[in-house]
Structures are given as C-alpha cells and as structure tokens.
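Residue-level structural notes
Below, each chain spelled out in residue letters.
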Amino acid sequence: MNNHLSTRSIARLMMAPAVILLLGWMLIPLTTTLYFSFKKYLPLRGGDLGWNGFDNYTRFITSSAFWPSIYATLIVVGSVLIITVIFGTLLAILLDQPMWGQGIVRILVIAPFFVMPTVSGLVWKNMFMDPINGLFAHLWRFFGLQPLEWLSHFSLGSIVMIVSWQWLPFATLIILTAIQSLDRDQIEAAEMDGANPIKRFGYIILPHLYRAITIVILIQTIFLLSIFAEIFVTTAGAFGTKTLTYLIFQRVLESQNVGLGSAGGVYAIILANIVAIFLMRVVGKSLDAKKN
Amino acid sequence: MPRVVKKKRKTINTLVAWSIGLLIFFPVLWTVLTSFKTEGQAINDPPLFLFFDWTLENYSIVQERSDYMKFLWNSIIVAGGSTILGILIAIPAAWSMAFAPTKRTKDILLWMLSTKMLPAVGVLYPIYIGFIKLGLLDSRFGLVIILMLINLPIIIWMLYTYFREIPEEILEAARMDGAALWKEIIYVLTPMAIPGIASTILLNLILAWNESFWTLNLTAAKAATLTAFIASYSSPEGLFFAKLSAASTMAIAPILILGWFSQKQLVRGLTFGAVKYFNT
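Residues numbered from 1 in each chain as written. Chains lettered and ligands numbered in written order. Predicted model: local features only at pLDDT ≥ 70, side-chain atom pairs only at ≥ 80, totals over all residues. Heavy atoms only, no water.

For chain B, the helix and strand inventory stands at 13 helices and zero strands. Tracing chain B from N to C terminus, the helices and strands come up as α-α-α-α-α-α-α-α-α-α-α-α-α. In terms of overall dimensions, chain B has a C-alpha envelope of 75 × 75 × 35 Å along the principal axes. Expressed as a percentage of its 280 residues, the buried residues of chain B come to 56%. Within chain B, contacts between residues separated by at least 24 positions form 76% of all contacts whose residues are at least 6 apart in sequence. Accessible surface, chain B as shown: approximately 12,400 Å² in total, 68% of it carbon and sulfur. Mean positive and mean negative side-chain charge positions of chain B (23 and 16 charges, respectively) differ by 10 Å. (Helix = DSSP H or I, 4+ residues; strand = E, 2+ residues; numbered from the N terminus. Buried < 20%, exposed > 50% of the residue type's maximum accessible area, 1.4 Å probe, protein only. Contact = heavy atoms within 4.5 Å. Areas by Shrake-Rupley, 256 points an atom, 1.4 Å probe, with all protein chains shown as cover. Lys, Arg positive; Asp, Glu negative; His and termini not counted. Charge placed at Lys NZ, Arg CZ, Asp CG, Glu CD.)

Residues and elements named next belong to chain A. Here three bridges tie strand β1 (residues 39-42) to strand β2 (residues 47-51), and the two strands are oriented antiparallel to one another. The residue bridging Tyr41 from the neighbouring strand is Asp48, located in β2. Turn length for the β1-β2 hairpin, with the two strands adjacent in sequence and antiparallel, is four residues, and the turn residue Gly46 shows positive phi of about 110 degrees. (Pairing = 2+ DSSP bridges.)

In this section: the packing of helix α5 (residues 117-128) of chain A against helix α6 (residues 135-142) of chain A. Residues and elements named next belong to chain A. Interhelical geometry of α5 versus α6 gives an angle of 30 degrees and a closest axis separation of 5 Å. Between α5 and α6, the angle falls in the class roughly parallel. From α5, Trp124, Met127 and Phe128 reach across to α6, where they touch Leu135, Phe136 and Ala137. The residue makeup of the contact of α5 with α6, split by class, is six nonpolar, no polar and no charged. (Axes fitted to C-alpha atoms, helices over the stretch in contact; angles between N-to-C directions. Parallel < 35°, antiparallel > 145°, perpendicular 65-115°, else oblique. Nonpolar A, V, L, I, M, F, W, Y, C, P; charged D, E, K, R; others polar.)

As a further point, take the nonpolar core. Phe128 of chain A together with Ile156, Phe163, Trp214, Leu226 and Phe229 of chain B are the most contacted members of the largest nonpolar core, which has 190 residues in total. Ignoring sequence-local partners within four residues, the contact set of Phe128 of chain A consists of Val123, Gly134, Leu135, Phe136 and Ala137 of chain A together with Phe26, Pro27 and Trp30 of chain B. (Core = buried A, V, L, I, M, F, W, Y, C linked by side-chain atoms within 4.5 Å.)

Okay, the interface of chain A and chain B next. Listed by partner, the interface residues are 95 residues for chain A and 107 residues for chain B. Contact between chain A and chain B buries roughly 9,200 Å² in total, counting both sides, with carbon and sulfur atoms accounting for 78%. Three residues, Trp25, Trp100 and Phe114 of chain A, lead the burial of chain A against chain B; their summed loss comes to 9% of the area buried on that side. For the interface between chain A and chain B, the tally reads zero salt bridges. Here the element with the most residues in the side of chain A that touches chain B is helix α1 (residues 2-37) of chain A; it accounts for 19 residues. Tallied by class, the residues present in the side of chain A that touches chain B amount to 69 nonpolar, 15 polar and 11 charged. (Buried area = accessible area lost by both parts, 1.4 Å probe. Salt bridge = Lys/Arg side-chain N within 4 Å of Asp/Glu carboxyl O.)

Structure representation (structure tokens):
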C-alpha cells in the first residue's frame, strides 16, 4: 500500500513540469490578451488610455475590414479542405493499388508537407505565378494566351492553390493509412460478388474512411485557421487575402492597436475552440476505445 | 488470362501514379533545378529543364551576401534545442500517464491537446511584449522556449502512444525482481522506448524547423531562422529566381530528407492516435 502510494506521488511529480509549463503557457498569455482586449491601448500613441468596456469587441466586428477577413478565411479554409479531402481520397486509393515503385511515388507525394511555408509561398509566387517570368506565364504564352496576374487578380484562388499543395500530403497520408487498415477480405469478397469499383467505394471504402476524413477536416481546420507565413510572403494581406489571423496580426504589430487586436484575438480563440471541441470528442472516443 | 489483365492494370496504375507524383513534386524539383542555373537561364522562355550550363555560383552568392550559415545555425539551435528540452520534460509525464494512469489521465491528455489549439495570433501581443520586457526578443533562447511549449502537447501524446504499446507484463516482471523505479526506467523502459522516442524527436524536429509564425514575429537580425531568412526574399531586387532557389533548396533539403524517413510518425504524431496505424 505504502509502495503504491509512493509510486503515485512520484508519478505526479513526473507530470508536474509538463502540466505547470502548459498551464502557464495557456493561462498567462490568455489572461493578458483578455486584459488588453478591454483597454484602449496604443503603445505608440499614448500607451494605456484606460478601460473601455466592450468597445474593442464591437469596433473589431464593425470595422470595414472584419467581414472581408471572415470571407477570406472561410474561402481559404473551406476550399483547401474540399480540395485536399477529395484529391487526398482519390490519391490515397490510387497509391493503395499495386504498382511499380510505390515507395518512391509516396515519397514524391509527401514532399510538399516538409517544405517550409515561407519557401513554398515564395517559390509559387515567383517561379510559378510571376506574370512575366513565372512558369505559368511561359505556359500561357505558349498557348497564345495573355498571362494571368495570379496574386493580384486571383489572389484568394492563388493562396488556396499554394496551401492546398502543402496540405494535400497530410490528407493523403492519413486517408491512405485508414485504407490500408481496411479488411482486405471484405473487399475481395465484394469483388467476387461482382460489386463494381464504384459500389465497392461507396459501400465499403467510404464508410470506413468516414472517421479518418473527419480527423483530417478537424486537424486541418485548426492549422488552416492560423495560416500566416504563406500570406505574409506573397500578398502581405493585399488583394482581399487578409484572413482573420492576418488582420489581427496587422492590428497588433503593424498598427499597434493592441486593444483592438486583442479583442480580435479573443474572437479567434473562440472560433478555434468551437472546432477544437469537436476534435476533442473524436480523439477522446479513440482514447476510450484503446483502453478496452 | 486474369494475370494479363492484372499486369495491364498494374502498368496503368504505375503510369498514372508516377505522373501525378511527379506533378505534385514538380515545384520542389523545379526549385532544385533552377538553383543550378544562371539568373538569365532561370527566366528563359521556353523554360530550360536539363540542358543548361550547370553552375554552383548561386550557392556561394547566397552564402556571401547574407551569411546563410548563421541562419542555418539558428535553425539548428532552435529546432534542436526545443526538441531536446521538450523530450526531457515530456518523457516523465508520458511515462507516468502510460504506466500509472489515474481517473484523470484522459482529461489531462485532452487538456494538453487543447493547449495546442490555441491560435498563436490570439496571444501574439502578450508574448511579444513579454519578450521585450524580459529581453528575449530576437533571442534563440526565447524561441527555443516558445517552440518547446507549442510542440510539447504533440511530444507528450506521441510518447504516450508509444509507451502504451510496451507490454505491462515486462514492467511487472522487473518490479517483481525488486528493481527500483529508476532502474526500471533506465534498464527496462528506455531500451524498449528508444524507437518511439527517436520517432518523436524526428517529427518534432521537422515541425520546429518549419514553424513560421513565431520565428517570423519574434526575430530580427540576430536570432532569425531559415524561415525568416527566406522571407527576406519577399521583396525582390532585380533578377533573383536562381538565388531564391539556391537559398530555398538549402533551407528545405535537410528536413526533406528527415521527412522522408518519418512518414509513419507523421500520421501518429499529428492525429493524436485518433487514426489507427496498422501497416504504415
């Protein structure tokens, strides 16, 4: 009994550093952001100008930049999710088929995920989307077309393209993992029974992938909501690409309106938490399942 | 007959998959190729694929003009430092949750995960101003701490899932022998956990290397990592495609190679054990 007790207290002691650090990491900045969000605080223009209640919160959502930023966020997150889930599923099914050099193809497909965001942003912006010297411009001219001004005329579409390229590997890999855990006999049995590929996909594979796709959507949403570097190095928020994250960044660091930016930060935290709740549920269930 | 059909199908699969794979990989390949061209060849119309005068001059220009090695060193320190620190803090925590779970273990794990969901921009100012006050702005030490904190939940989760796979009977046998707790950890647990720890380190190095919110916002000239170094190319000056490519190639090469070894860990590490990983 005594021994058991000491094991438990040692266990607690071992967890303490991690728990204390994460608690501090969560609580200290969070309360500070909340504190600033109720203040009129302009570090470069007078500093702390006192409390102003919910003024920052109303001003943040009534500012002319707010709704465009919500629109940009929804377009980027929504489009990237749709593109990566659909193409990720197709690609995963393809990669699961017998072929020569499967390992190498997989390596090729996964590569974009390991490219740092500033590199992928700048490589796409310059070497592909540059309206004069980019590869797309060469290609367009080859077909006798007028090259496009990608990042100014199709700004959101261009950002979606870059970010989708980065996240397609993630979706593919997770869906592929799920496909590979599928019971082979079941598919073969269905094949024997004469179920065509479309039926096999709709009735066996897709239901099996439901959970993996849910996970992909939830985790990607969390990451996509806070996309920053890709926009920072390409449009710097111009041409309607100011997402909520980028807008808050500009309010806080560029125009140094800390109170207003902090109120925006609180909105972003609430938004992320709504997604996080769903993610936690799925993850929590899998924790329970593993215990059994 | 079916064998012929199968072979034909396999050939088609191979062709389609390789084409798509190369298409997805193309931007990386193009960057690497361009890094060996002269600036003039880099923008040549029609584009030059293999038949140009291969040169290494861009690599030396990049190093000379902006001291690439300094940024590389910063990246290594920040990614390596935050990973080592995170692992040291996470191993005891994950160990105790995996082998001495309590009723609250699940809640603690989920709570740790929830701290990962905190959008960085929501706490940008407190961290920024805190860093100024503590003199940590543009310091490698500050970045090490921040990156350790943002990745700590992932490290703990990954280690937890690995530790749980260690059969408890083995630990119990050690306990029967009267091994002390520290002996149990050093002689029994550690050797069995090393592959898992190595995988965790690998994935975390990649995440820290590519992190580009805090590295961009909390550094200037002194502690800037490769992500920030590359970002400095966002205001172009004359012809710079070849130089950009050389800098980019150097920045992504080490992690691309590590990444290819860590495909399996990627799924485990980023899904928090919510996707079953049988074959990969």
